[in-house]
Amino acid sequence: PCAALLGFISAQAISYPQEAQSYGWQGVVKIGMLILNDGTLAFALVKESSGYEVFDNNALKVAKSLAPYPRFPANTDLMELSITVPIVYSLTKQK
């Protein structure tokens, strides 16, 4: 479920906050999430700040807006998944 979840999140469009773009800010926010086996987001929080509130708030909003997440595969006994997801805000294209 972990790899599928990261793929799901990374496939979503994360918009770059206009204020941050105009100032040239970049950063990484680490979002901690607890996801239940039915895809319900039990909670999400900023585990490590980017140093910019606009990024932190945007990343948290994205994590919450994507819920519910995909269900866990039927052949797993996993009841919940605690995961930390880095959300990168970069003005340069990454290859």
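Visitor: Residues and numbers for unusual backbone geometry, please.
Guide: Cis geometry marks the peptide bond from A67 to P68, where omega comes out at 0°. Along the chain, P68 falls in the loop between α3 (53-65) and β3 (80-89).

Visitor: Give me the lowdown on the sheet that holds strand β1 (residues 27-36), citing residues and values where you can.
Guide: Here we have three strands laid out as an open sheet, ordered β2-β1-β3, and antiparallel in their pairing. Among the strands making up the open sheet, the edge pair consists of β2 (41-48) and β3. Going across the sheet, the axis of each strand differs from the next one's by a mean of 25°, ignoring polarity. Two elements, β1 and β3, share 10 bridges in a ladder whose sense is antiparallel. Bridge pairing links G27 to Y89 in β3.

Visitor: Any details on the pairing of β1? Residues and values, ideally.
Guide: Burial within β1 is extensive, with seven of its 10 residues counted as buried. One ladder, built from six bridges, connects β1 with β2; its direction is antiparallel. Opposite K30, over in β2, you have E48 as the bridge partner. Here β1 folds back onto β2, and the loop between the two strands holds four residues, one of which, G39, carries a positive phi near 95°.

Visitor: Outline the pattern of salt bridges, listing residues and values.
Guide: Per the counting criterion, the structure on display carries one salt bridge. One salt bridge connects K30 with E48, and the closest N-O pair in it is separated by 3.8 Å. In this pair, K30 is assigned in strand β1 and E48 in strand β2, connecting sequence segments 18 residues apart. The exposure class of K30 is partly exposed, given its relative accessible area of 31%. What makes E48 partly exposed here is its relative accessible area of 43%.

Visitor: I'd like a description of the side chain of N58, backed by residues and values.
Guide: Of note, N58 is situated in helix α3. The residues contacting N58, other than those within four sequence positions of it, are I14, S15, P17 and Y89.

Visitor: Can you break down the side chain of S50 residue by residue, with the values?
Guide: Positionally, S50 belongs in the loop between β2 and α3. For S50, the contacting residues outside a window of four places in its chain are G27, V28, V29, F55 and D56.

Visitor: Residues and numbers for the confidence of the model for the protein chain, please.
Guide: Averaged over all residues, the pLDDT of the protein chain is 87; the fraction at 70 or higher stands at 83%. Considering each helix and strand of the protein chain separately, the mean pLDDT is smallest for helix α1 (residues 2-11), with a value of 59, and largest for β2, with 97.

Parameters at a glance
- Residues numbered from 1 in each chain as written.
- Predicted model: local features only at pLDDT ≥ 70, side-chain atom pairs only at ≥ 80, totals over all residues.
- Heavy atoms only, no water.
- Helix = DSSP H or I, 4+ residues; strand = E, 2+ residues; numbered from the N terminus.
- Pairing = 2+ DSSP bridges.
- Axes fitted to C-alpha atoms, helices over the stretch in contact; angles between N-to-C directions.
- Buried < 20%, exposed > 50% of the residue type's maximum accessible area, 1.4 Å probe, protein only.
- Salt bridge = Lys/Arg side-chain N within 4 Å of Asp/Glu carboxyl O.
- Contact = heavy atoms within 4.5 Å.
- pLDDT = per-residue confidence, 0-100.

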